[in-house]
Structures are given as C-alpha cells and as structure tokens.
Amino acid sequence: KAKKNTMSENKKLDKITAVKGMNDILPADAPLWELFENTAQSVLQSYGFQQIRTPIVEETKLFARAIGAVTDIVEKEMYSFTDSMNGDNLTLRPEGTAGVVRAVVEHNLVYEGPKRLWYKGQMFRHERPQKGRYRQFHQFGVEAIGFTGPDIDAEIIMLSRRLWDDLGLEGIRLELNSIGDAAERLRHRADLIAYLESHSELLDEEAKRRLHSNPLRILDTKNPAMQDLVNGAPKLLDYLGEESLAHFHGVQKILNHNNIPFTINPRLVRGLDYYNRTVFEWVSDKLGAQGTVCAGGRYDGMVEMFGGKSTPAVGFGMGVERLVLLMKDAAEPEQPAQCDVYLVHQGEQAGLQAFVLAERIRDAGLDVVLHCAASNGGGSFKTQMKKADASGAAFAVILGDDEIANNVATVKAMREADAGAQQNTVPFDDVVDYVVDQIIGDHDCGHDHGPGGHVHHHH
Ligand code: ATP
Ligand code: MG
C-alpha cells in the first residue's frame, strides 16, 4: 500500500529533466570519454605539460575583459548571474584561457620561467543546441605561457596532431593563419570597414552593429549569406610587418619539417578578441557545420591585461563532445566488463560470507560486483547467473547453503577463453588465490602482474 501512495504522489509532480543543451553522459558512453581523457592526458604528459584546475565560476568582468565585449560569447552566450548573497556579478566559464591566465597572474606562476599548462572541464555557453553544439560542453585545453618563439606554436599543433593519431582519428585537417599584432590589425581595420561599408546592403543586423565596434568579428560570421562578402574582404595577411611574418614563417617551417600538412586560411580570425599572430583550427568534415574540433592561437597581451608583466602565450581549446562523436564514428566502442568477479549467493549465512569474500577479492586487486538480492530482480540462482553473465565478469563465485556447510565456494568460468577452468569447488580460504591465478594465467584478458603479486588491470 505504501508503494501505491508514492506512485500517485509522483504523478502529480512535474517531471524534472536536464537543462536544455546540457547532456548526461551515461554508463554506455562513459568508457569512450574515459578513453579520450586518458589518451589526452598521456599525450599532454609526453610533452611536459602540467595540469591546472581553476573554478568553474569567475567574476563576469574577467571574461568581458579577456574575450572582448563585442564578441558572440560576451554579447549573448554567457551564463551570468548575481550572487544573491553579496551582489557579485559572476559567470559560468564559457572558455578556459581567461581563468588560467588569472590564476597564473594571481599566483605569480611564470615568475620562475615559462609554464606549459593544461586543463579540462565543463564550459557553458547559451547557444542554440544542435549536433556538436551544446550549452554545457567539455574542453581540454593547453596554455603555454611565457614562450615567445614560433617553436611553441608548432609544438602545441604537433601535440594535438599526436592526439588525433593516438585516438585513431583520420581526416582532421589543419588551417593556419596569422592575424598580426595590434598595429597591423588597426591598419587592416580601416580598409576592412571601408570594404564592408561599400557593401552595406549585404550586411546582416549583427554585422551592421559590429561594423565600427569590432569589424574583425564580422569575418568570423556563421551566416551563409555573408560568406561571399567575407571571402572578398581585405586579408590581414597582407598587412603583416616583418616580425609577424617571420613568426608566421617560423611556425610553417617547423610544421613542414615535421611533415604536418596545413592550409593557410586567410579568413581565419577566430571568435575571441584576445588572439594575435598565429591562429589555427583543426577541422573535420564529418561533423557538418560544427566541424572545428580544436582551435587556438597566440594571446601575447593577456597576461599584461590582467596586471602581470608582459608575457607572451599561446594555447588551444578542444571540444570533447565533437571528438567523442568522431571516435564513435571511427570504431564501434567496446563495452568493457563491469567486473572480474560476480558474486552469487543464496541464504542468510551465504549472504554474510559473500561480503567477506568480496572484500578479500578486492584486496587482491580485482573488481567484484556483489549481487544485491533485495533490489536486483530477486535472488533465484538462475537470475543471479544471468546478471553475472551480463556483467562480463570472467568468473562467477557462488555461495549457497551447501557451500557454507562445506566451507567452500563454487567458482564458475564465465568466458569461453576460461572454459578450461569450467566449474570448480574451491576451499573458501583459497578462493582469492584461485581466482587471481586463473586471471593472471589468462594473458588475453588484459591483466598485468603488478608489484607484490597484486593484479593491476586495465579495462
Ligand atoms: P564555433 O565556431 O564552433 O562556435 P568557437 O570559435 O566558438 O567555435 P572556441 O571558443 O574556440 O569555439 O572553442 C574551442 C572548441 O570548443 C571549438 O572548436 C569546439 O570544438 C568547442 N566548442 C565551442 N563551443 C561549443 C559548444 N557550444 N558545444 C560544443 N563544443 C563547443
Ligand atoms: Mg562559438
């Protein structure tokens, strides 16, 4: 009767769902995410990058200052709110660079010399949700702070290329450009405004609004109707001075020397104001309009902008959702086993001893799922063996009244590869050794010998 009441109560309540554009990552997809994260972290480590973690919430003015007031992000995409406790203006981070630079300046991190940093985490932008574009999404990013030369620009590009290789992703192409320094952009700006004004009938509302406040951002428009106009606009590349050109050629020389193909895209300006000189994007054609999986460039002015001493920097952010979509496309993901051992039990005494045995097996380094009879579709032997099978476990360890009476357990091999083991009766105190031996002896199941005889395993 109590159950019935709860159900009718629930019926009266609204169904609560996730916020639009914010996704749950369910257990079926989690292994793919984990694979991405582990691969990315080991690539980053192999280039000597160190992790930094900053808060998800920052003062709104941090982003307004870093990204620029007249940008898509600051004009319309930020989740900003007033802290009702003290009236502070706060924002859920829309990108990672501003927070990292704030932290670097606040903690004087580059005092000891240049730093290679990386971060990962959720970002938030109020955009129209579609494939590859969400309101909460995840980025991995790097920020190399304190490096002047083109070598570090090339290094982070090569690092990302290594990641595509390690993930088995093909067909991600590199687009490269230089947007020069502030003085060069100022000279370009005058010509750009004149060009856009002479075609004012082709400008959309946003472009008209930005014509005098931030004309460069018009070149980053996603409006298909404006692509021809933008293609014909004056190119920043034609305004670069000697030093910017030398830097740009320096990056290209290293990429060429390492056989990294790229195309120069003079239209590439990026959507954020903080960039200068090198900008780049990695683009896939398999994702429709949301094809950019990684984007970055130099931002030599930002450290100073936040009160640090003038310090050059370069970085990128990559969109994990888009890369996971590509990973799914590239290979049917393998569902790893939930555990090594599924523990089946029946009867009160067996239920108690099952806990003891499960803990002992875990002590030896294996993963164990202990059947929960009360909440897992009942406790019949048959049901439990079905769960054991579904779990992907290599072994079912079975405790029933007979086993308890004889101080043994039944150990059943669940996979064909272990079929030689079949089903055995093993003294209770020997079960751990028996199972560990069987699993270590099976070289195909991905387990390694670890120090101290413990089993370390990688699913
Ligand atoms: P786009 O041109 O696709 O809007 P952007 O220039 O706004 O991208 P950046 O700010 O440079 O993107 O972010 C770096 C990367 O983060 C992008 O290349 C993309 O892979 C990913 N990304 C950006 N916005 C989103 C989003 N709303 N949902 C999912 N991924 C995103
Ligand atoms: Mg965007």
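Preceding this paragraph is the structure being described.
Moving on, we come to the site of ligand 1. Near ligand 1 lie 17 residues; those nearest to it are Arg125, Glu127, Arg133, Arg270 and Thr292. Contact distances for ligand 1 include 2.9 Å between an oxygen atom and a side-chain N or O atom of Lys222. Here ligand 1 loses 92% of its free accessible area of 590 Å² to cover by the protein chains. Of all the secondary-structure elements, those providing two or more residues to the shell around ligand 1 are strand 6 (136–145), strand 10 (292–298) and strand 11 (313–319). Among the elements that line the shell around ligand 1, the one with the most residues is strand 10, at 4 residues.

Let us look at helix 7 (residues 182–197). Here helix 7 spans 22 Å end to end across 16 residues, near enough to the 22 Å set by a 1.5 Å rise per residue. Looking at helix 7, one finds that the buried residues are Glu184, Arg185, His188, Leu192, Ile193, Tyr195 and Leu196. Elements in contact with the buried residues of helix 7: helix 9 (215–218), helix 10 (227–231), helix 11 (242–257) and strand 9 (276–284). One side-chain oxygen at the N-terminal end of helix 7 lies 3.2 Å from the backbone nitrogen of Ala183; it belongs to Asp181.

This part is about the sheet that holds strand 12 (residues 341–345). Pairing within the open sheet is mixed, and its 5 strands lie in the order 13-12-14-15-16. Pairing within the sheet leaves two strands with one partner each, and these edge strands are strand 13 (368–370) and strand 16 (423–427). Strand-to-strand twist across the sheet, computed as the mean angle between neighbouring axes with direction ignored, equals 25 degrees. Direction of pairing for strand 15 (residues 408–413) relative to strand 16: antiparallel, over a ladder of 5 bridges.

Turning our attention to the nonpolar core. If you look at the biggest cluster of nonpolar residues, it comprises 46 residues, and the most contacted ones within it are Ile145, Leu196 and Tyr274. Per element, the largest residue contribution to this core is 5 residues, and it comes from helix 5 (residues 97–106). Beyond its immediate stretch of four places on either side in the chain, Ile145 contacts Val100, Val101, Val104, Val110, Pro114, Lys115, Leu117, Tyr299, Val303, Thr311, Pro312 and Ala313. The next biggest cluster of nonpolar side chains, apart from the first, holds 43 residues, and it includes Ile157, Phe280, Leu287 and Leu323.

Tracing the backbone through its elements, the reader meets Glu95 in the loop between strand 4 (89–92) and helix 5. Of the side chains with opposite charge, Arg125 lies nearest to the buried Glu95, which makes no salt bridge, at 6.1 Å. One polar contact links the side chain of Glu95 to the main-chain amide nitrogen of Thr97, over a distance of 3.2 Å. Looking at Glu95, its side chain comes within polar contact range of the main-chain nitrogen of Ala98, at 2.8 Å. What Glu95 contacts, discounting residues up to four positions off in sequence, is Phe63, Ile67, Met123, Arg125, Gln139, Leu272 and Tyr274.

Applying the stated criterion across every chain, the model contains 6 aromatic pairs. Note on Phe36 and Phe140: the rings are 5.4 Å apart at their centroids and 90 degrees apart in plane angle, and the pair reads as edge-to-face. A residue pair is termed long-range when its members are at least 10 positions apart, and Phe36 in helix 2 (residues 30–46) and Phe140 in strand 6 qualify at 104 residues. With centroids separated by 5.5 Å and ring planes inclined at 10 degrees, the aromatic side chains of Trp118 and Phe140 adopt a geometry described as stacked. Highlighted residues: Trp118 in strand 5 (residues 115–124) and Phe140 in strand 6, separated in sequence by 22 residues. Look at Trp118 and you get buried, because its relative accessible area is 5%. Residue Phe140 is classed as buried on the basis of its relative accessible area, which comes to 3%. Chaining the aromatic ring pairs together yields one cluster made of Phe36, Trp118 and Phe140.

The next thing to look at is the sheet that holds strand 8 (residues 263–264). Pairing in this open sheet of 8 strands is mixed, and the strands run 1-5-6-11-10-9-7-8 from one edge to the other. Edge positions in the open sheet fall to strand 1 (50–51) and strand 8, since each of these has one partner strand only. Across 7 bridges, the pairing between strand 6 and strand 11 is antiparallel. When the sheet's bridge partners are listed, Gln139 is paired in strand 11 with Gly319. Of the strands in this sheet, strand 5, strand 6 and strand 11 touch helix 2, which is tilted by about 5 degrees from strand 6. Set on the sheet, helix 6 (residues 150–167) makes contact with strand 5, strand 6, strand 7 (172–178), strand 9, strand 10 and strand 11; between it and strand 11 the angle comes to about 20 degrees.

Procedures and definitions
- Residues numbered from 1 in each chain as written.
- Chains lettered and ligands numbered in written order.
- Predicted model: local features only at pLDDT ≥ 70, side-chain atom pairs only at ≥ 80, totals over all residues.
- Heavy atoms only, no water.
- Near = heavy atom within 4 Å.
- Polar contact = N/O pair within 3.5 Å; in protein donor to acceptor, adjacent residues only side chain to side chain.
- Areas by Shrake-Rupley, 256 points an atom, 1.4 Å probe, with all protein chains shown as cover.
- Helix = DSSP H or I, 4+ residues; strand = E, 2+ residues; numbered from the N terminus.
- Expected span 1.5 Å × (residues − 1).
- Buried < 20%, exposed > 50% of the residue type's maximum accessible area, 1.4 Å probe, protein only.
- Contact = heavy atoms within 4.5 Å.
- Pairing = 2+ DSSP bridges.
- Axes fitted to C-alpha atoms, helices over the stretch in contact; angles between N-to-C directions.
- Core = buried A, V, L, I, M, F, W, Y, C linked by side-chain atoms within 4.5 Å.
- Lys, Arg positive; Asp, Glu negative; His and termini not counted.
- Salt bridge = Lys/Arg side-chain N within 4 Å of Asp/Glu carboxyl O.
- Phe/Tyr/Trp six-rings, centres within 6.5 Å; stacked < 30°, edge-to-face > 60°.

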